Amino acid sequence: MIRAALLTAVILLSVAAGCVGCSFADPAPVRERPWWMSGMANPAFLVTTWGVIYTPPGRLDEFTARADRPLAPTAAALLEHEQTHARRQHAHGLGMVGHGVEYLCSAAFRWEEERAGYAVQFRALAARGIGIYPPAWVVLLMDPSYREMVDEPTARAWVEAEARAVWEERGG
């Protein structure tokens, strides 16, 4: 696990070397995940780094709106989650390299960042009339890609509290 985190950090630093002076776009662009990112996360997950949202291979169309086909509500909500990550990476005091290293090395930081993304995603889903089923989200938060960022009771308590807050905000 530590070896994978270090390898990912080296990749991020390598990309950083070629990205000096990169500008930040809001909203972040969406691209298909390149081959070298294949081991960074669950193959089904979107990954946001360097202000770019990367889709799993073969799924770019699903997350790209066109005039003749708007995004599915769940895809739009997930992109809002990832846009939150892009903005937070950009705003991070140590820049995108520092953000990436801290995300890889600190479970507490990962948990803070993911809570921010999921909070936005839950509200985006609710705004589109889609309910939040806490047990499914707890399973997602326990995915090995998150490298044990949180224990199951903490994840469950947070998801239930956040779902309740979203419900109350919507007048439930």
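Cut-offs applied
- Residues numbered from 1 in each chain as written.
- Predicted model: local features only at pLDDT ≥ 70, side-chain atom pairs only at ≥ 80, totals over all residues.
- Heavy atoms only, no water.
- Helix = DSSP H or I, 4+ residues; strand = E, 2+ residues; numbered from the N terminus.
- Contact = heavy atoms within 4.5 Å.
- Areas by Shrake-Rupley, 256 points an atom, 1.4 Å probe, with all protein chains shown as cover.
- 1 Å grid on protein atoms, 1.4 Å probe; cavity = no way out; pocket = protein on both sides within 12 Å on 5 of 7 lines; lining within 4 Å.
- Points joined across faces, edges and corners; volume = space filled by probe spheres on them.
- Nonpolar A, V, L, I, M, F, W, Y, C, P; charged D, E, K, R; others polar.

**Student:** Please clarify how the overall build of the protein should be interpreted in this entry.
**Tutor:** The helix and strand tally for the protein stands at six helices and three strands. Counting from the amino terminus, helix and strand elements in the protein follow one another as α-β-β-β-α-α-α-α-α. In the protein, 60% of the contacts between residues at least 6 apart in sequence involve partners at least 24 apart. When the accessible surface of the protein is totalled, it reaches about 9,300 Å², and 61% of it is carbon and sulfur.

**Student:** Can you walk me through the layout of surface pockets in this structure?
**Tutor:** Any empty space left between the atoms is revealed when a probe the size of a water molecule rolls over them. Its volume calculated, the largest pocket comes out at about 650 Å³. In terms of lining residues, the largest pocket is bounded by 31 residues, among which Phe45, Leu46, Val47, Glu82 and Glu114 are the most central. Contributing elements (two or more residues each) for the lining of the largest pocket: helix H1 (2-17), strand E2 (47-49), helix H2 (73-91), helix H3 (95-105), helix H4 (107-127) and helix H5 (134-141). Tallied by class, the residues present in the lining of the largest pocket amount to 16 nonpolar, eleven polar and four charged. The space that makes up the second largest pocket amounts to roughly 170 Å³. Ala126, Gly129, Ile130, Gly131, Ile132, Pro134, Ala163, Val166, Trp167 and Arg170 together form the lining of the second largest pocket. Broken down by element, the lining of the second largest pocket gets its largest block of residues, three residues, from helix H6 (residues 152-169). Looking at the lining of the second largest pocket, its residues break down into seven nonpolar, two polar and one charged.

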